[in-house]
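Next come the chains, spelled out residue by residue.
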Amino acid sequence: MAPLMLGALAAGGAPLHAQAPPEAPPNAARIAMVIHGGAGTIRRQDMTPARDSAYRAALREALGRGYAVIKRGGTSLDAVQAAINFMEDSPLFNAGRGAVLTSTGTVEMDAAIMDGGSGKAGAVAGVGHIKNPITLARLVMERTPHVMLAGAGAEAFARSQGVAMMPQSYFIIDRRRNELERDKQARTAHQHHGTVGAVALDSHGHLAAGTSTGGTSDKLPGRIGDSPIIGAGTYADDASCAVSATGAGEYFIRNVVAHDICARVLYKGVPLAQAADEVIMHKLVALGGGGGVIALDRQGHMAAPFNTEGMYRAWVDTAGNVTVKIYRDE
Ligand code: ASP
């Protein structure tokens, strides 16, 4: 298959098109950003117009917040964090407020962030009171000798850092309670999309990636998904690419998806879009692993393949063109 560029990957071969493009900074270094708000059974016929536009507005706002950081010369890490913080605060997404519920009706969130320039990474897993898990993941990276903190230890570290903490009632919204009830009755695989992620390329030439999630609905307490696992749901390396994943986490862990995509770029020398496509549209499809990724390299090439019915996604390319999409057929 010919290497696919982002427009072609947005199934149906729809070309990239600009929506209210901000002016690209003159003579600026190449900057770009891609975000996602989860992949899964997202169908046009199940959406009300109001809901559709609420998601598009939230994606546009999150992207704008991240892009503003790199546009003024800030770092890709700050951009990734800013975009994800916004989506964590929005009840629309399965991260922070609005996270999906465990089988016992509690919230347990995971997040990771990685700096492609230094190779440093930070992650938190199974946290129930951190308002913005991606912020805590960043502090793990910057202020501890560790990569991942989980559960009570992560929350104790959060308190020591003065990070905003919330009671469980802040995170739990009615929509997720209803979904959990339905999931318990259905006893099938649950696909309540809404994990959030971002990848960015800053004007210093550095990549970063981040992912934040409540995991999967009706999961066993203690279950940890791919999002906080470096190389599975989140990975960034200036030498290859930055990736954030969403989908059936167990498949993404077993197939080390984010790292596999970057490794294909680095070792096989294939274009980013082809590498992402090989893993998401071929390898995972053959195994039955539903989901998608966003990916970006240092040249500003982007990819956003997904093998599900939809993926909330938005990007700003190196020319400053903004695109927001939800369904497969757009
Ligand atoms: N990948 C996430 C997890 O398995 C869920 C998702 O992206 O929808 O925890």
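Residues numbered from 1 in each chain as written. Predicted model: local features only at pLDDT ≥ 70, side-chain atom pairs only at ≥ 80, totals over all residues. Heavy atoms only, no water.

Engineer: Could you clarify how one ought to interpret the state of the cysteines in this entry?
Structural biologist: One way to say it: the disulfide is the covalent bond shared by the sulfur atoms of two cysteines. As enumerated under the stated definition, the model contains one disulfide in all. The residue that forms a disulfide with cysteine 241 is cysteine 262, at a sulfur-sulfur distance of 2.5 Å. With the S-S bond torsion at -120°, the cross-link from cysteine 241 to cysteine 262 turns out left-handed. Taken as a pair, cysteine 241 in the loop between strand E7 (234–236) and strand E8 (242–247) and cysteine 262 in helix H9 (residues 257–268) lie far apart in primary sequence, 21 residues in all. Residue classification places cysteine 241 among the buried residues on the basis of a relative accessible area of 0%. (Disulfide = S-S within 2.5 Å. Helix = DSSP H or I, 4+ residues; strand = E, 2+ residues; numbered from the N terminus. Buried < 20%, exposed > 50% of the residue type's maximum accessible area, 1.4 Å probe, protein only.)

Engineer: For this particular structure, what's the right way to read the confidence of the model for the chain?
Structural biologist: The predicted coordinates ought not to be read in detail in places where the model reports low pLDDT. Of the residues in the chain, 90% have a pLDDT of 70 or more, and the chain-wide mean is 91. Below a pLDDT of 50 lies the segment residues 1–27, which in the model reaches 60 contacts outside its immediate sequence neighbourhood of four places, other chains included. (pLDDT = per-residue confidence, 0-100. Contact = heavy atoms within 4.5 Å.)

Engineer: I'm lost on the packing of aromatic side chains in this one. Help?
Structural biologist: The description of an aromatic ring pair uses the distance of the two centres, along with the angle that the planes make with each other. The final tally for this structure, using the stated rule, is four aromatic pairs. Note on tyrosine 55 and tyrosine 312: the rings are 4.2 Å apart at their centroids and 15° apart in plane angle, and the pair reads as stacked. Of this pair, tyrosine 55 sits in helix H2 (residues 49–71) while tyrosine 312 sits in strand E11 (residues 310–316), and the two are 257 residues apart along the sequence. The exposure class assigned to tyrosine 312 is buried, which follows from its relative accessible area of 2%. Ring centres 5.0 Å apart and planes at 85° place the aromatic pair tyrosine 170 and phenylalanine 171 in the edge-to-face group. For tyrosine 170, a relative accessible area of 18% puts it in the buried group. Overall, phenylalanine 171 belongs to the buried group, its relative accessible area being 0%. In this structure an aromatic cluster arises from ring pairing among Tyr55, Phe93 and Tyr312. (Phe/Tyr/Trp six-rings, centres within 6.5 Å; stacked < 30°, edge-to-face > 60°.)

Engineer: I tried to follow the pattern of salt bridges on my own but got confused; where do I start?
Structural biologist: Any two side chains of opposite charge can pair, on the condition that their charged atoms come close. Following the criterion strictly, the structure yields 17 salt bridges and no others. Taking the shortest distance from any N to any O, the salt bridge between lysine 131 and aspartate 89 comes out at 3.2 Å. Of this pair, lysine 131 sits in the loop between strand E3 (121–127) and helix H4 (133–143) while aspartate 89 is found in helix H3 (residues 76–89), placing the two residues 42 residues apart along the sequence. Look at aspartate 89 and you get partly exposed, because its relative accessible area is 31%. Connected through shared salt-bridge partners, Asp260, Arg264, Lys268, Glu278 and Lys283 make up one network. (Salt bridge = Lys/Arg side-chain N within 4 Å of Asp/Glu carboxyl O.)

Engineer: How should the sheet that holds strand E6 (residues 207–213) be read in this particular structure?
Structural biologist: To summarise the sheet geometry, strands pair through backbone hydrogen bonds and adopt either a parallel or an antiparallel arrangement. Here we have eight strands laid out as an open sheet, ordered E4-E3-E2-E6-E5-E1-E11-E12, and mixed in their pairing. Looking along the sheet, the strands with just one partner apiece sit at the ends: strand E4 (148–150) and strand E12 (322–327). Looking at each pair of strands side by side, their axes are set apart by 5° on average, direction ignored. In the packing of H3 onto the sheet, the strands contacted are strand E1 (32–40), strand E2 (109–115), strand E5 (196–201) and E6, and the crossing angle to E5 comes to about 155°. (Pairing = 2+ DSSP bridges. Axes fitted to C-alpha atoms, helices over the stretch in contact; angles between N-to-C directions.)

Engineer: Help me understand the site of the ligand in this model?
Structural biologist: Within the structure, the ligand sits among Thr195, Gly215, Thr216, Arg223, Gly225, Asp226, Ser227, Thr246, Gly247 and Gly249. The separation between an oxygen atom of the ligand and a polar side-chain atom of threonine 195 is 2.8 Å. In the environment of the ligand, a nitrogen atom lies 2.6 Å from a nitrogen or oxygen atom belonging to the side chain of aspartate 226. When grouped by side-chain class, the residues that make up the shell around the ligand number no nonpolar, eight polar and two charged. (Near = heavy atom within 4 Å. Polar contact = N/O pair within 3.5 Å; in protein donor to acceptor, adjacent residues only side chain to side chain. Nonpolar A, V, L, I, M, F, W, Y, C, P; charged D, E, K, R; others polar.)

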